[in-house]
Amino acid sequence: MKTIAVIGAGTMGNGIAHTFAQSGFTVKLIDVSEKSLDKGMATIAANLDRMLSKGTITQEDVAKTITNIITYTDLKDGVVGVDLVVEAATENVELKLNIFKQLNEYCSHNTILATNTSSISITQIGAVVAHPERVIGMHFMNPVPIMKLVEIIRGYNTSDEVTKIIMTLSEKLGKVPVEVNDYPGFVANRILMPMLNEAIETLYNKVAGVYEIDTVMKLGMGHPMGPLQLADFIGLDVCLAILNVMYDGFKNPKYAPCPLLVNMVRAGKLGVKSGEGFYDYSESKKAEKISKQFL
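Residues numbered from 1 in each chain as written. Predicted model: local features only at pLDDT ≥ 70, side-chain atom pairs only at ≥ 80, totals over all residues. Heavy atoms only, no water.

### Thoughts on the sheet that holds strand 7 (residues 149-154)
The line we're drawing: Should DSSP find at least two bridges between two strands, the strands are taken to pair. Counting from the N terminus, the helices are DSSP H or I runs at least four residues long and the strands are E runs at least two residues long. Here the axes come from fitting lines to C-alpha atoms, over the contacting stretch only for helices, and the angles between their N-to-C directions go from 0 to 180 degrees. The criterion used for residue contact is that any of the two residues' heavy atoms lie within 4.5 Å.
What the eight strands build is an open sheet, ordered 3-2-1-4-5-6-7-8; its pairing is mixed. Edge positions in the open sheet fall to strand 3 (69-72) and strand 8 (176-181), since each of these has one partner strand only. Averaged over all adjacent pairs, the angle separating strand axes in this sheet is 25°, with direction ignored. Both strand 6 (residues 135-140) and strand 7 contribute to a ladder of five bridges, which runs antiparallel. Residue pairing in the sheet places His139 in a bridge with Glu151 of strand 7. Packed onto the sheet, helix 7 (residues 160-172) meets strand 4 (84-87), strand 5 (112-115), strand 6, strand 7 and strand 8 and runs at close to 175° relative to strand 7.

As structure tokens, this is what we get:
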């Protein structure tokens with residue numbers, strides 16, 4: 001396995017491309033937007049420079065990583081001749097199904113098709129392609145170049161051979177792959193998202209404020225960041241989408257998103273990406289200033 005296509009140049013996509021390229025793979029980074037590709041490559045360059053300044057990589061590593069990435073705006077051109085496709089588009093069922101229908105048309109039947117979805121059914125995605133045994137989940141954690149975990153999700157039809165290949169490949173990236181089965185939210189988000197949602201409910205019910213909730217969880221539970229700060233970091237729209245997938249999948253009210261989360265997403269308060277969520281990021285990307293609506 002030498003050539004990897006990554007679909008989507010956003011936060012997860014550029015991180016996945018960075019990680020494969022740094023490990024010596026040729027990466028075809030694909031996005032319909034030239035602007036998104038430019039932004040993604042700029043992010044990769046900035047992250048490499050940060051690693052260089054810390055002494056974890058050399059200038060030669062930086063140059064090789066950048067050289068290993070080729071950008072495309074056309075999906076068909078980008079996936080020609082690749083051994084593996086990793087789809088990292090927006091967490092939207094219809095969008096992902098449409099992408100995989102195109103991959104079924106453009107890719108060889110021997111090409112492994114992976115998705116970075118954090119909650120959507122691998123079995124459902126696999127159902128739209130021929131040979132669904134080659135479809136698998138590779139759920140990387142953010143920030144991808146740093147976080148060690150990769151959730152490897154087997155769909156109902158995913159083969160043992162494909163699972164073994166992807167587990168071994170993840171180890172070559174310096175990651176720790178963990179195999180899980182295909183249920184809404186898998187393991188990571190099935191446990192994490194209800195916790196974040198409960199923190200939002202706690203704020204919504206005026207049990208405590210933003211600072212107080214996050215401080216209790218950081219100091220009392222040893223979390224590196226509070227749940228409200230983490231929700232901002234992930235993106236409140238992403239949190240809402242994952243909760244909706246789990247709620248639809250399990251039909252259990254414990255997964256129903258808090259009305260406060262729903263309203264914040266409707267209002268465009270998405271967290272770090274929009275400049276405001278539970279915290280105000282207009283002056284700093286750090287969660288130091290609480291959003292005025294929660295003061």
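### Thoughts on the domain arrangement of the protein
Worth spelling out the cut-off: These domain boundaries are the output of an automatic or database domain assignment. Buried area: the accessible surface (1.4 Å probe) lost by two parts on joining, summed over both. Throughout this description, the term salt bridge denotes a Lys or Arg side-chain nitrogen within 4 Å of a carboxyl oxygen of Asp or Glu. Polar contacts, as counted here, are pairs of nitrogen or oxygen atoms within 3.5 Å of one another; within protein the pair requires one atom able to donate a hydrogen and one able to accept it, and residues that are adjacent in sequence qualify only if both atoms are side-chain atoms. In this count, Pro and Cys sit with the nonpolar residues alongside Ala, Val, Leu, Ile, Met, Phe, Trp and Tyr, while Asp, Glu, Lys and Arg are called charged and the others, Gly among them, polar.
Under the domain assignment used here, the protein contains domain 1 (1-179) and domain 2 (189-288). Relative placement of domain 1 and domain 2: their C-alpha centres are 26 Å apart. Across the contact, seven residues belong to domain 1 and five residues belong to domain 2. When domain 1 packs against domain 2, the two sides together hide about 490 Å² of surface, and 62% of this comes from carbon and sulfur. In this structure, the connection of domain 1 to domain 2 is made through zero salt bridges. The tally of links from domain 1 across to domain 2 stands at one residue pair in polar contact (both at pLDDT 80 or more). Across the side of domain 1 that touches domain 2, the residue classes break down as two nonpolar, four polar and one charged.

### Description of a nonpolar patch on the surface
Test applied: Grouping into patches uses exposed residues only, defined as over 30% relative accessible area, and leaves out salt-bridged ones; the cut-off is 9 Å for like charges and 5 Å for nonpolar side chains (Val, Leu, Ile, Met, Phe, Trp, Tyr). What sets the accessible areas is the Shrake-Rupley method with a 1.4 Å probe; for residues, cover comes only from the shown protein chains.
Residues Leu149, Val176 and Val178 make up a contiguous nonpolar surface patch of about 210 Å² in total accessible area. Residue position: Val178 is located in strand 8.

### Details of the environment of Val238
Using the following cut-off: Three labels apply to residues, based on accessible area from a 1.4 Å probe with only protein chains included: buried if under 20% of the type maximum, exposed if over 50%, partly exposed otherwise in between.
Topologically, Val238 is positioned in helix 11 (residues 236-250). By relative accessible area, which is 24% here, Val238 ends up partly exposed. Spatially, the C-alpha atom of Val238 lies 9.5 Å from that of Asn92, the residues being 146 residues apart in sequence.

### Quick word on the pairing of strand 1 (residues 3-7)
The element strand 1 is largely enclosed, with a buried count of five among its five residues. Side chains Thr3, Ala5 and Ile7 of strand 1 all project onto a buried face; the interleaved residues Ile4 and Val6 project onto the opposite face, where all are buried too. In terms of strand pairing, strand 1 meets strand 2 (residues 26-30) through five bridges, oriented parallel. What sits directly across from Val6, in strand 2, is Leu29.

### What to know about helix 10 (residues 227-234)
Of all eight residues in helix 10, six are buried; the element is thus mostly enclosed. Turning to helix 10, its buried residues number three or more, namely Pro227, Leu228, Gln229, Leu230, Ala231 and Asp232. Considering only its buried residues, helix 10 is in contact with helix 8 (188-204), helix 9 (210-221) and helix 11.

### As for the nonpolar core
General note: in soluble globular proteins, nonpolar side chains tend to be found buried as a group. Test applied: We define the nonpolar core as a collection of buried residues of types Ala, Val, Leu, Ile, Met, Phe, Trp, Tyr and Cys that are connected through side-chain atoms lying within 4.5 Å of one another.
Ranked by size, the top nonpolar core spans 35 residues in total, and within it Phe20, Leu84, Met138, Phe140 and Ile166 carry the most contacts. Counting residues in each nonpolar core, the second largest holds 29 residues, with Ile200, Leu236, Cys258 and Val265 among its members.

### Considerations on the packing of aromatic side chains
Going by this rule: Whether two aromatic rings pair depends on their centres lying within 6.5 Å, for rings of Phe, Tyr and Trp, where Trp uses its six-membered ring; planes under 30 degrees apart make the pair stacked, over 60 edge-to-face, and the rest tilted.
Tallying each qualifying case throughout the model produces five aromatic pairs. Seen from their ring centres, Tyr279 and Tyr281 are 6.5 Å apart, and the 55° between their planes marks the pair as tilted. Within the aromatic cluster, the residues linked to one another by ring pairs are Phe20, Phe25 and Phe140.

### Let's talk about the UniProt feature "binding site: NAD(+)" (unreviewed entry) in the protein
Keep this limit in mind: UniProt positions are given in the numbering used here, feature names are shortened, and annotations may be inferred rather than shown by experiment.
As recorded in UniProt, the sites labelled "binding site: NAD(+)" (unreviewed entry) are Gly8, Ala9, Gly10, Thr11, Met12, Gly13, Asp31, Glu91, Lys96, Ser118, Asn142 and Lys273. Tracing the sequence through the fold places Ala9 in the loop between strand 1 and helix 1 (11-22). Judged by its relative accessible area of 4%, Ala9 is buried. Beyond its immediate sequence surroundings of up to four residues, Ala9 is in contact with Asn14, Leu29, Ile30, Asp31, Ser36, Leu37 and Gly40. Structurally, Gly13 can be placed in helix 1. Relative accessible area serves as the criterion here: at 1%, Gly13 is assigned to the buried category. Beyond its immediate sequence surroundings of up to four residues, Gly13 is in contact with Val6, Gly8, Leu29 and Ala88.

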